[in-house]
Amino acid sequence: IRATLRMRKDIAVMNIESPLLAKDPIHIRVGVNTGEVILCDLGASDARIDLTIIGDTVNVASRFEAAGKQYGVDNLFSEHTIEPLLDKYAARLIDRVKVKGKHKPLGCYELFGEKDKVSPREDQLIEEVSRGLEAYRSGQFEQALAIFESTDPLEKVVPEGALNPSRLYRERCRQLLEHRPQDWDGVWTLTSK
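The present account deals with the structure reproduced in this document. (Residues numbered from 1 in each chain as written. Predicted model: local features only at pLDDT ≥ 70, side-chain atom pairs only at ≥ 80, totals over all residues. Heavy atoms only, no water.)

Some details on the nonpolar core
The following threshold applies: Nonpolar core, defined: a set of buried Ala, Val, Leu, Ile, Met, Phe, Trp, Tyr and Cys residues in which side-chain atoms within 4.5 Å join the residues together. Relative accessibility under 20% of the residue-type maximum defines a buried residue, over 50% an exposed one, and the middle range a partly exposed one, all with a 1.4 Å probe and only protein chains included. Working definition: helices are DSSP H or I runs of at least four residues, strands are E runs of at least two. Numbering for both runs from the N terminus.
Within the largest apolar cluster, 40 residues are counted, with the highest numbers of intra-cluster contacts made by Phe64, Tyr71, Leu76, Tyr136 and Phe148. Going through the elements one at a time, strand S1 (30–32), helix H3 (56–71), strand S4 (75–78), strand S5 (89–98), strand S6 (106–114), helix H5 (120–137), helix H6 (141–151) and helix H7 (165–178) are the ones with two or more residues in this core.

Written out as structure tokens, the structure reads:
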């Protein structure tokens, strides 16, 4: 978590201080999960050796990194990583998802920062989005839509038409109001890797 916060801070400084990056800034996405992995080096001892990690934990982190683009966020942390530390870090639940190849839903969170260093606007956003997600998960799409319309101005400033979680949920709620699912459990399935 600290590494993600440090990377975000250092990249922001680099983007401001470098004339080259000011015109074409660096943007990254991070996916983080906690669990067991296999760490191994591949290759022959007299040739190039690549150090790699593999396993379900790594696959979920990779899916979360890619899913960040779908939600318009630069980081997604699994519930296994962030939930035990929510007393120290400010994060909002973004979704409960089934990643490709898995059947058990997993909570994914966007990290804002250390709890005592986030702005009142971010605190309000976390609280209001949480209310919106409760309504959404319980199938109260009209109520959820109204909440997500009110949270959009609290999101990070992005160009009109660009994606953020509030805009994504507004669109989902509109779709779900048009085509109400019969067996709604509030879990979204990520269909791409």
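The structure having been displayed, the exposition proceeds.
Digging into empty space enclosed by the protein
The following threshold applies: Only protein atoms enter the 1 Å grid, on which a cavity is a set of points fitting a 1.4 Å probe that cannot get out and a pocket is an open set with protein on both sides within 12 Å along at least 5 of 7 lines, lining residues being those with an atom within 4 Å of a point. Grid points are joined across faces, edges and corners, and a volume is the space filled by probe spheres set on the points. Nonpolar residues are Ala, Val, Leu, Ile, Met, Phe, Trp, Tyr, Cys and Pro. Charged residues are Asp, Glu, Lys and Arg, and all others, Gly as well, are polar.
A complete count under the given rule lists 1 cavity of 30 Å³ or more for this structure. Looking at the largest cavity, its volume works out to about 40 Å³. If you trace the largest cavity, you find it lined by Arg92, Glu110, Phe112, Arg121, Glu122, Leu125, Glu155 and Lys156. Elements that contribute at least two residues to the lining of the largest cavity include exactly S6 and H5. With 3 residues, H5 is the largest single contributor of residues to the lining of the largest cavity. Here the lining of the largest cavity is composed, by residue class, of 2 nonpolar, no polar and 6 charged.

Here's the deal with the pattern of salt bridges
As a reminder, the rule being used: Every case where a carboxyl oxygen of Asp or Glu lies within 4 Å of a side-chain nitrogen of Lys or Arg is listed as a salt bridge.
The tally for this structure, following the rule as stated, stands at 14 salt bridges. In this structure, glutamate 79 engages arginine 96 in a salt bridge whose closest nitrogen and oxygen atoms are separated by 2.8 Å. With glutamate 79 in helix H4 (residues 79–82) and arginine 96 in strand S5, this pair connects stretches of sequence that are 17 residues apart. Its relative accessible area of 16% is what places glutamate 79 among the buried residues. Judged by its relative accessible area of 26%, arginine 96 is partly exposed. Linking arginine 172 and aspartate 95 is a salt bridge whose minimum nitrogen-to-oxygen distance equals 2.8 Å. With arginine 172 in helix H7 and aspartate 95 in strand S5, the pair connects residues that are 77 residues apart, well separated along the chain. For the pair arginine 172 and aspartate 95, one class covers both residues: buried. Here the salt bridges do not stand alone but share partners, grouping Arg92, Glu110, Glu155 and Lys156 into one network.

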